[in-house]
Amino acid sequence: MVMKRIQSQFRKNWEHKLENLGFGYHSLEGLYWDESHYYEFSMEEINTIENATTELWQMCLQGVDYIIEKNLWDKFNIPESFRNYIITSWEEDHPSIYGRFDFGFDGENIKLLEFNADTPTSLYEASVIQWYWLQEMFPYKDQFNSIHEKLVDYWTYLKKYMNPHYIYFSSLTNIEDVTNVEYLRDCATQAGFETEFIPIQDIGWAEDIQEFISGDNTIMEYIFKLYPYEWILEDGFGEKLVNNNFRSQWMEPAWKILLSSKAILPVLWELFPNHPYLLECYFEPKGLKDFVKKPIYSREGANVSLFKNNISVEENEGDYETYGFIYQQLFELPNFDGNYPVIGSWVIGQEAAGIGIRESVHLITNNQSRFIPHLIDSNKIYIKEKEL
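Going by the annotation in an unreviewed UniProt entry, the name recorded for the protein is Glutathionylspermidine synthase, with Chryseobacterium aquaticum given as the source organism.

This is how it looks when you write it as structure tokens:
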């Protein structure tokens with residue numbers, strides 16, 4: 001069995017401790033942060049996850065090249081008017097800050113379930129909250145978690161290429177999005193940028209000069225947004241990005257829409273057939289009997305259906321069925337007393353940086369899934385050191 005799921009105790013005043021760290025959504029719709037148990041990994045398992053993350057990131061970059069070369073835009077529902085904008089953002093190497101691979105892992109096999117490449121959340125709890133839990137509960141243990149250091153380092157690296165050193169950070173005003181964006185903003189500030197938060201709906205557009213402007217009519221040159229590109233295109237806002245012609249540079253860059261779409265999964269399977277990190281995946285069912293039907297774009301498991309022997313055994317409702325679907329071989333998640341963990345593995349800049357675990361009583365991870373901390377069983381490392 002992959003990793004161990006170990007019972008633990010909630011810390012005294014745990015809610016207060018989390019809120020003191022600025023983590024206010026630990027219990028919004030039922031319990032979200034759950035420290036009643038934790039997951040323990042061996043160093044070998046962590047190396048497996050880290051290697052898969054590194055290799056899949058490189059495969060995804062090859063995937064972007066392939067999509068552009070083969071003109072697969074229709075598979076991704078990209079309007080013709082936005083395609084050159086994506087291509088330019090790719091060819092000019094506009095920087096990607098982060099992404100989160102979601103993995104199924106059963107101790108032997110690690111498989112890519114999907115890639116949250118454009119608007120991944122759970123960053124703050126993975127980077128900061130579980131680290132503070134570890135320091136209090138298991139100060140002599142380690143964790144696969146260099147997310148914070150890598151974020152600050154990457155923003156520092158980008159300073160050489162970005163001028164002026166002023167970035168607007170933007171999202172909707174719900175507590176989860178704001179917390180994640182404010183954390184990213186704090187990392188950029190630590191790297192020496194001047195930063196400002198602006199709600200996404202407050203970003204203005206000056207039609208006469210074709211510029212994005214802030215509340216005080218300042219032209220916005222760098223904008224980090226936690227807001228999906230498919231919504232930008234739906235809103236008709238994509239046209240403004242094209243007309244602006246990159247005088248405002250957006251992060252994540254437009255090429256990330258290709259990796260955030262589930263359509264990347266059959267493309268990767270086509271590029272790397274039978275790769276050990278990939279699940280068989282197509283734009284049609286193709287004879288799969290045990291499979292997951294996923295919309296090209298969706299959030300929190302919406303419109304996902306799970307089939308065993310061609311019979312639907314679990315499905316979620318939602319509003320994403322208009323984009324089309326992909327069909328992915330079912331992966332049996334490990335079952336810990338009716339709890340099913342999915343590993344979210346972070347890539348920061350170009351590097352694997354750490355994990356966060358979401359656990360659900362359902363086979364389809366949704367917005368009721370809980371975040372569970374983890375640690376590394378490093379006893380073996382100490383023994384090796386003594387032997388040396």
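(A) Highlighting the overall build of the protein. From N to C terminus, the protein includes eleven helices and 19 strands. Computed over the C-alpha atoms, the radius of gyration of the protein is 21 Å, within 12% of the 21 Å expected from 2.2 N^0.38 for a compact globule of 388 residues. Here the C-alpha coordinates of the protein stretch approximately 65 × 50 × 45 Å along the principal axes. Counting across all 388 residues of the protein, residues that qualify as buried make up 57%. Counting contacts in the protein only where the partners sit at least 6 residues apart, residues at least 24 apart contribute 71% of the total. Of the roughly 17100 Å² of accessible surface on the protein, 46% is carried by carbon and sulfur atoms.

(B) Spotlight on the sheet that holds strand β17 (residues 351-360). Spatial strand order, β4-β3-β16-β17-β18: five strands in an open sheet with antiparallel pairing. Looking at the sheet topology across the chains shown, the edges are occupied by β4 (110-116) and β18 (370-372). The mean angle between the axes of side-by-side strands here comes to 35°, regardless of whether they run parallel or antiparallel. Bridge count for strand β16 (residues 340-348) against β17 is nine bridges, and the pairing is antiparallel. When the sheet's bridge partners are listed, Tyr340 is paired in β17 with Ser360. Those strands touched by helix α2 (residues 43-70) are β3 (98-105), β4, β16 and β17, and its axis lies near 125° from that of β3.

(C) Expanded view of the sheet that holds strand β19 (residues 374-377). Within the open sheet, the three strands sit side by side as β1-β2-β19. Their pairing is mixed. Taken across any chain shown, the strands that pair with only one partner, and hence form the sheet edges, are β1 (4-7) and β19. Each strand of the sheet is rotated relative to its neighbour by a mean of 35°, with strand direction disregarded. As judged from the four bridges shared by strand β2 (residues 37-42) and β19, these two strands associate in the parallel manner. Each residue of the ladder has a partner; that of Ser42, found in β19, is Asp377.

(D) Inspection of the pairing of β16 at higher detail. Burial within β16 is extensive, with nine of its nine residues counted as buried. The alternating pattern of β16 places Tyr340, Val342, Gly344, Trp346 and Ile348 and Pro341, Ile343, Ser345 and Val347 on opposite faces, both of which are buried. As judged from the six bridges shared by β3 and β16, these two strands associate in the antiparallel manner. When the bridges of β16 are listed, Phe103 appears paired with Ile343. Where β16 folds back onto β17 in an antiparallel hairpin, the turn is made up of two residues, including Gly349, whose phi is positive at roughly 65°.

(E) Expanded view of the packing of α2 against helix α10 (residues 264-271). For the pair α2 and α10, interaxial distance at closest approach is 10 Å and the crossing angle is 95°. Comparing the axis directions of α2 and α10 gives the class roughly perpendicular. Together, Met59, Cys60, Gln62, Gly63, Tyr66 and Ile67 of α2 and Ile264, Val267, Leu268, Glu270 and Leu271 of α10 make up the contact between the two elements.

(F) Broad picture of the side chain of His94. Counting through the fold element by element, His94 comes out in the loop between α3 (80-91) and β3. A distance of 2.8 Å separates polar atoms of two side chains, one belonging to His94 and the other to Glu92.

(G) Structural detail: the side chain of His374. Inspection of the secondary structure assignment puts His374 in strand β19. A polar contact is formed between the side chain of His374 and the side chain of Gln130, at a distance of 3.1 Å. For His374, the contacting residues outside a window of four places in its chain are Tyr39, Phe41, Gln130, Trp133, Leu134, Gln143, Phe144, Ile355 and Ile357.

(H) Geometry of empty space enclosed by the protein. Under the counting rule described, the total for this entry stands at two cavities of 30 Å³ or more. Roughly 40 Å³ of volume is contained in the largest cavity. A class-by-class count of the residues in the lining of the largest cavity yields six nonpolar, one polar and no charged. Residue lining of the second largest cavity: Tyr85, Ser89, His94, Tyr229, Phe246, Trp250, Pro253 and Ala254, and that is the complete set.

(I) Looking closely at the environment of Lys262. Among the secondary structure elements, Lys262 is positioned in the loop between α9 (256-260) and α10. Residue classification places Lys262 among the buried positions, given a relative accessible area of 5%. Here the alpha-carbon distance between Lys262 and Trp14, two residues 248 residues apart in the chain, equals 37 Å.

(J) Examining helix α5 (residues 147-159) more closely. For α5, which comprises 13 residues, the first-to-last C-alpha distance of 18 Å matches the rise-based estimate of 18 Å (1.5 Å per residue) to within 8%. Those residues of α5 that sit buried are Ile147, Leu151, Val152, Tyr154, Trp155 and Leu158. Looking down the long axis of α5, one finds its buried residues gathered within 165° of arc, a one-sided arrangement.

(K) Expanded view of the domain arrangement of the protein. Partitioning the protein into structural domains gives domain 1 (4-263 + 333-379) and domain 2 (280-329). Here the C-alpha centre of domain 2 lies 23 Å away from the C-alpha centre of domain 1.

Cut-off values and rules
- Residues numbered from 1 in each chain as written.
- Predicted model: local features only at pLDDT ≥ 70, side-chain atom pairs only at ≥ 80, totals over all residues.
- Heavy atoms only, no water.
- Helix = DSSP H or I, 4+ residues; strand = E, 2+ residues; numbered from the N terminus.
- Rg over C-alpha atoms; globule rule 2.2 N^0.38 Å.
- Buried < 20%, exposed > 50% of the residue type's maximum accessible area, 1.4 Å probe, protein only.
- Contact = heavy atoms within 4.5 Å.
- Areas by Shrake-Rupley, 256 points an atom, 1.4 Å probe, with all protein chains shown as cover.
- Pairing = 2+ DSSP bridges.
- Axes fitted to C-alpha atoms, helices over the stretch in contact; angles between N-to-C directions.
- Parallel < 35°, antiparallel > 145°, perpendicular 65-115°, else oblique.
- Polar contact = N/O pair within 3.5 Å; in protein donor to acceptor, adjacent residues only side chain to side chain.
- 1 Å grid on protein atoms, 1.4 Å probe; cavity = no way out; pocket = protein on both sides within 12 Å on 5 of 7 lines; lining within 4 Å.
- Points joined across faces, edges and corners; volume = space filled by probe spheres on them.
- Nonpolar A, V, L, I, M, F, W, Y, C, P; charged D, E, K, R; others polar.
- Expected span 1.5 Å × (residues − 1).
- Arc of directions from axis to C-beta.
- Domains from an automatic or database assignment.

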